[in-house]
Amino acid sequence: MSSDLNFEGYPQKPHGGVLVNQVVSPDMRDETIERARSLPSIRVDLEAVITIEMIATGVLSPNTGFMSEVDYNSVLKSGRLANGTIWPVPLSFAPVGKTNSEVIKGLSVGDEVALTDYRNEAVAILKIEDLFDYDKEGRAQQLFGTTDRNHPGVDSIYRRMGDTSLGGPVTLLQRADWGPFEKIRREPKDTWRLFYEEKKLNTVAGFITGANPLHRGHEYIHKNALEEVDGLFVQPLVEMAKREYVRHEYRMLAYRSVLETYYPAERTMMSPLRVTYIFAGPREAILHALIMKNYGCTHALIGRDHAGIGSYYDKYASHSVFDQYSPEELGIDIRLFHEVFYCTRCASHASEQTCPHDERYRLNISGTGIREMLRHGILPAKEVVRPEAARIAIQGVQPKGVDATGQGTLPVSKVVQSMYPYYRERTRLGGPLRVEPLQAEDLTTRDLEAASLDARANASGIYQDIYNEYSSLTDHNPHLQPTWIVEARAALQSHQEMVLSDLQEKVALAPEEASDEFMYQDKQEAERELNAARKLLEGTPPVPDNANSDGLVWNPLPYQRYRGADE
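Residue numbering note: each chain is counted from 1, following its sequence as written. In view of the model being predicted, local features appear only for residues whose pLDDT reaches at least 70, and side-chain atom pairs are presented and counted only at 80 or more, with totals across whole chains, interfaces and linings using the full set of residues. By convention in this description, side-chain values take in all heavy atoms of the structure and omit both hydrogens and water.

Attention now moves to the confidence of the model for the protein chain. When pLDDT is averaged along the protein chain, the result is 90; 95% of the residues meet or exceed 70. The pLDDT value expresses, per residue, how confident the predictor is, ranging between 0 and 100. Strands are runs of DSSP state E lasting at least 2 residues, helices are runs of H or I lasting at least 4, and numbering of each runs from the N terminus. Of all the helices and strands in the protein chain, helix H6 (residues 152-160) carries the lowest mean pLDDT, 81, while strand E13 (residues 341-343) carries the highest, 98.

Right under this line is the structure:
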């Protein structure tokens, strides 16, 4: 089956050329559900149900079901289906459980089996085209590059997968209810119509994001894209997140609060993406790009840590993984973004590609660090995450708060270092070096609090101070000069000139040799004191001399002549 959309008139095509539709037609639904009740059945969990929905509604086009052994092995080895089409992750179905194993023993190629949920209701029918042994260790190593059970993808393989994989097309009978997201849920058939029929867009950039609320790094990526594309389609992942993440309901609400306030409404669209963590790893970036393509996006926005699995991969593994494929065969314009931070010297968000300043001026934007700050009950600086997002997200942090020792799910030292790269080496944001750098293991909650207060106070002030210095020397219009600054500088100069006057008299009266070196000064010491005071006067900021501003005009021509008039 395929969708009834006419892609010839659209600026994009689904991956593989066909938007898969494996959802039973409404007029056949009751009859097919009744037939499913007579078939052998296999109980599946929510993750499997989500994957089946993704396949059946075209999210994972061109796949129509779970992979045969040939496609499965080809994908693991080369990131392609057996026919050469790019596909980065295997879609396999190897049920666990004693009852399921007994059912599988009685199945053969050509059979149909009902896939049932926790209510024992049939959600799909699988037509078996292949059965093969499932190698858990081999899958983990080839897909994730590790067999470490601490990796969530690896753990999912061993925890959720059985010994025999079933391949074949699926037919979706019943969709799962998405609860609070049901009203904003969109399937690919909906977004193609939205983008290209309702809104008449020519280009749409997709952005898939995970376990953290929308922060200013995301916003930097989005708004850079909106400078050149017609629309932005944001898809926060929902469900299937680790317990320490911000609850997905709150993440969605945090996103909505920022999008509604700071983004152009007619050009920005959002819908949840219900996906599973069996796809985690650098190849996830490829998968997400193809998912965006299947939703109709012409561009895919990929951030620095799109894989999001800690230290298992190179910093930019989610970028370099695209080198395996040509732009033509990917069929979607990939836009890769480097790590975004806030530079207080530039007074803007930037990356290593655009900012020349070192870490002493930086506030890092770490999704994990933001989450941990919320756990400690601290609102991050506005340059890191907007307060509209943080206020909602802090309500959804799980588990809430810290333990009896003041620690969250990460050591506080890691939180400080992830958000405030200058803190261990420097006394303050943009400040001088510490006499002795702080040791990471010595950082406490007090340091997190101190760095947070420092960032709030000074993140906006550094460039403002620089601007104030320039304006005080540059504004020739006297009405722009703050009178209190002018008066203060005049007072500074006047008072220091008074000190110089007294010291000059002191030098004139000082003896060549003092009778008591502890009580009195000789002439040489008095002169050194005078010289020090003179240097202080020389370093005093100048008082703006607006009366002499005419002297700054170097072109002697009359104004009309300067403008080009003959006379």
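Following the sequence through the fold, Lys 189 ends up in helix H7 (residues 188-198). Once the C-alpha coordinates of Lys 189 and Asn 294 are considered, the two residues, 105 residues apart in sequence, prove to be 9.1 Å apart. Among residues more than four places away in sequence, those in contact with Lys 189 are Leu 5, Leu 19 and Arg 175. Separated by 3.3 Å, the side chains of Lys 189 and Asp 190 make a polar contact. The contact rule is simple, with two residues in contact once any of their heavy atoms fall within 4.5 Å. Definition of a polar contact: a pair of N or O atoms within 3.5 Å, with one able to donate and the other able to accept a hydrogen when the atoms are protein atoms, and with sequence-neighbouring residues admitted only if both atoms are side-chain atoms.

Before going further, it helps to examine the packing of helix H5 (residues 136-144) against H6. The axes used here are C-alpha line fits, helices contributing only the stretch in contact, and every angle between their N-to-C directions lies in the interval 0 to 180 degrees. It is the contact of H5 with H6, at a shortest axis distance of 10 Å, that shows an interaxial angle of 160 degrees. Judged by the inter-axis angle, H5 sits roughly antiparallel to H6. For H5 against H6, the interelement crossing comes out right-handed. Contacts between H5 and H6 involve Lys 136, Glu 137, Arg 139, Ala 140 and Phe 144 from the former and Gly 153, Val 154, Ile 157 and Tyr 158 from the latter. Across the contact of H5 with H6, the residue classes tally to five nonpolar, one polar and three charged. For classification purposes, angles smaller than 35 degrees are called roughly parallel, those larger than 145 roughly antiparallel, those between 65 and 115 roughly perpendicular, and all remaining angles oblique. Helix crossings are classified by the rotation of the near helix relative to the far one: an anticlockwise turn of less than a right angle makes the crossing left-handed, while a clockwise turn makes it right-handed. By the convention adopted, Pro, Cys, Tyr, Trp, Phe, Met, Ile, Leu, Val and Ala count as nonpolar, Lys, Arg, Asp and Glu as charged, and the other residues, Gly among them, as polar.

Turning next to the packing of aromatic side chains. Centres within 6.5 Å make a pair out of two Phe, Tyr or Trp rings, where for Trp the six-membered ring is used; the pair is then stacked when the planes are under 30 degrees apart, edge-to-face when over 60, and tilted otherwise. For the coordinates displayed, the defined rule picks out 13 aromatic pairs. Here the aromatic cluster, defined as three or more aromatic residues joined through ring pairs, consists of Phe 7, Tyr 10, Trp 192, Phe 195, Tyr 196, Phe 233 and Tyr 295. Seen from the ring of Tyr 262, Arg 386 lies directly overhead, with NZ or CZ sitting 3.7 Å from the centre. By definition, being over a ring means that NZ of Lys or CZ of Arg is both within 6 Å of the ring centre and within 35 degrees of the ring normal.

As a packed pair, helix H13 (residues 367-375) and helix H15 (residues 412-419) sit with axes 9 Å apart at the nearest point and diverge in direction by 125 degrees. Classified by the angle their axes make, H13 and H15 are oblique. As for the relative orientation of H13 and H15, their crossing is left-handed in sense. On H15, the residues that touch Gly 369, Ile 370, Glu 372 and Met 373 of H13 are Val 415, Ser 418 and Met 419. Classifying every residue of the contact of H13 with H15 gives four nonpolar, two polar and one charged.

For this analysis, a salt bridge means a side-chain nitrogen from Lys or Arg found within 4 Å of a carboxyl oxygen belonging to Asp or Glu. For the structure shown, the criterion picks out 31 salt bridges. Across the pair Asp 333 and Arg 335 runs a salt bridge, and its minimum N-O distance is 3.0 Å. Among the residues examined, Arg 335 registers a relative accessible area of 24% and is labelled partly exposed. Here Arg 375 ties to Glu 372 by a salt bridge, and the two come within 3.1 Å at their closest N and O atoms. Here Glu 372 and Arg 375 lie together in helix H13, a separation of three residues that amounts to about one turn. Like Glu 372, Arg 375 is buried. Beyond isolated ion pairs, a larger network of salt bridges with shared partners links Glu 53, Arg 175, Glu 182, Arg 185, Glu 187, Lys 189 and Asp 190. Throughout this description, buried means an accessible area under 20% of the type-specific maximum (1.4 Å probe, protein chains only), exposed means over 50%, and partly exposed covers the range between.

Right, let's talk about the nonpolar core for a bit. The biggest cluster of nonpolar side chains holds 78 residues, and the ones touching the most others in it are Ile 42, Leu 60, Trp 87, Leu 115, Leu 126, Ile 291 and Phe 322. The residues touching Leu 60, leaving out its near neighbours within four places in the chain, are Thr 51, Met 54, Ile 55, Trp 87, Leu 91, Leu 287, Ile 291 and Asn 294. Residues Leu 214, Ala 350, Tyr 361 and Ala 393 belong to the second largest nonpolar core, which totals 58 residues. Residues grouped as a nonpolar core are buried Ala, Val, Leu, Ile, Met, Phe, Trp, Tyr and Cys residues, joined through side-chain atoms within 4.5 Å.

Before going further, it helps to examine empty space enclosed by the protein. Only protein atoms enter the 1 Å grid, on which a cavity is a set of points fitting a 1.4 Å probe that cannot get out and a pocket is an open set with protein on both sides within 12 Å along at least 5 of 7 lines, lining residues being those with an atom within 4 Å of a point. Grid points are joined across faces, edges and corners, and a volume is the space filled by probe spheres set on the points. Counting across every chain of the model gives one cavity of 30 Å³ or more. Lining the largest cavity, in full, are Ile 50, Glu 53, Met 54, Thr 57, Val 59, Trp 178, Arg 185, Arg 186, Glu 187, Leu 273, Arg 274 and Tyr 295. Elements supplying a minimum of two residues to the lining of the largest cavity: helix H2 (46-56) and strand E10 (273-274). Take the lining of the largest cavity: its biggest share by element is three residues, from H2. When the residues that make up the lining of the largest cavity are grouped by side-chain class, the tally is six nonpolar, one polar and five charged.

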